[in-house]
Amino acid sequence: MESTDELTVSEVAQRSGFAASALRYYEKQGLLVASRTSGGQRRYARSVLRRLAFIRAASNVGLSLEEIRTELAGLPSNRTPTKSDWHRISGHWRSRLDEQLEALEALRDKLDSCIGCGCLSLKQCSISNPADKAAATQDAPGAAYLPALLRRPPH
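Under an unreviewed UniProt entry, the name given to the chain is Redox-sensitive transcriptional activator SoxR, and the source organism is Pedococcus sp. KACC 23699.

This is how it looks when you write it as structure tokens:
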């Protein structure tokens, strides 16, 4: 197979680990582009594998579909993205990754004593939340003392 050959839906699904239905969904959402054969079958440029890897990574670090769409819209449509193209868009979410790492480290370091829920069931909870002050000061439901990033509802 030539590196310029287009890939079928099943080839992309096999190579990327995404279901064919996900590929069709991402195409409908404007994240992927497919050409059509004379028989109407989808064909993808080989570079779609990199886009799908980006979608997987971005989803796994918490970017919403809209954020992913915005980032991918910054890639050139007239050529295969270069390393500098990918570097530019990955830089946009580098600070988000740093924030997540910091929040996860804080959670890891407190996990065996207090995860910030305000329950007062442990001796440490009584120290960090005397008289259940979290109940009176809490802006939203959830673990008041978790880092803000970990208190956000899922996308």
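> Help me understand the overall build of the chain in this model?
For the chain, the count of helices and strands is nine helices and three strands. Its helices and strands taken in sequence order, the chain reads β-α-α-β-β-α-α-α-α-α-α-α from the N to the C terminus. By the burial criterion, 30% of the 155 residues in the chain qualify as buried. Here the contacts in the chain between residues at least 6 apart in sequence split such that 54% fall between residues at least 24 apart. Per element, the accessible surface of the chain, about 10,100 Å² overall, is 53% carbon and sulfur.

> I'm lost on the packing of helix α1 (residues 9-16) against helix α3 (residues 48-60) in this one. Help?
For the pair α1 and α3, interaxial distance at closest approach is 10 Å and the crossing angle is 45°. On the basis of the axis angle, α1 is oblique to α3. α3 is crossed by α1, and the crossing has right-handed handedness. Every residue of α3 that contacts α1 at V12, R15 and S16 is listed here: V48, L49, L52 and R56. Residue composition of the contact of α1 with α3, grouped by class: four nonpolar, one polar and two charged.

> Could you clarify how one ought to interpret the packing of aromatic side chains in this entry?
One pair of aromatic rings is described through two measures. These are the centre distance and the angle between the planes. Applying the stated criterion to the full structure yields four aromatic pairs. Between F18 and Y26 the ring centres are 5.6 Å apart and the planes differ by 80°, which places this aromatic pair in the edge-to-face class. Residue classification places F18 among the buried positions, given a relative accessible area of 9%. Centre to centre, the rings of F54 and W93 are 5.5 Å apart; their planes meet at 80°, and the pair counts as edge-to-face.

> Could you clarify how one ought to interpret the sheet that holds strand β3 (residues 42-44) in this entry?
Across a sheet, paired strands are connected by hydrogen bonds in the backbone, their directions being either parallel or antiparallel. The sheet built from three strands is open, its strands ordered β1-β3-β2 with antiparallel pairing. Each end of this open sheet is capped by a strand with a single partner; those strands are β1 (7-8) and β2 (35-36). Relative to β3, β1 runs antiparallel, the two being bridged by two bridges. Note that in β3 the partner of L7 across the bridge is Y44. Each of β2 and β3 is contacted by helix α2 (residues 20-28), which is oriented at about 80° to β3, the strand it contacts most.

The rules behind each value
Numbering of residues starts from 1 in every chain and runs along the sequence as written. This being a predicted model, a pLDDT of at least 70 is required before a residue's local features are given, and a value of 80 or more before pairs of side-chain atoms are given or counted; all residues contribute to the totals for chains, interfaces and linings. Note: side-chain values were computed over all heavy atoms of the structure, leaving out hydrogens and water. Only DSSP runs of H or I covering at least 4 residues are called helices, and only runs of E covering at least 2 are called strands; the numbering of each starts at the N terminus. Here the term buried applies to any residue with accessible area under 20% of the maximum for its type, exposed to any over 50%, and partly exposed to those in between, with areas from a 1.4 Å probe on protein chains only. The contact criterion used is simple: two residues touch if any of their non-hydrogen atoms lie within 4.5 Å. All accessibility values rest on the Shrake-Rupley procedure with a 1.4 Å probe; residue burial counts only the protein chains present in the view. Angular values range over 0 to 180 degrees, each being the angle between N-to-C directions of two axes fitted as lines to C-alpha atoms, with helices fitted over their stretch in contact. An angle counts as roughly parallel when it lies under 35 degrees, as roughly antiparallel when it exceeds 145, as roughly perpendicular when it falls between 65 and 115, and as oblique in every other case. Crossing handedness follows the turn of the near helix against the far one: under a right angle anticlockwise gives a left-handed crossing, and clockwise gives a right-handed one. Charged residues are taken to be Asp, Glu, Lys and Arg, nonpolar residues to be Ala, Val, Leu, Ile, Met, Phe, Trp, Tyr, Cys and Pro, and polar residues to be all remaining types, Gly included. Two rings from Phe, Tyr or Trp (for Trp, the six-membered ring) form a pair when their centres sit within 6.5 Å of each other. Planes less than 30 degrees apart are called stacked, planes more than 60 degrees apart edge-to-face, and all others tilted. A pair of strands is labelled paired if DSSP reports no fewer than 2 bridges between them.

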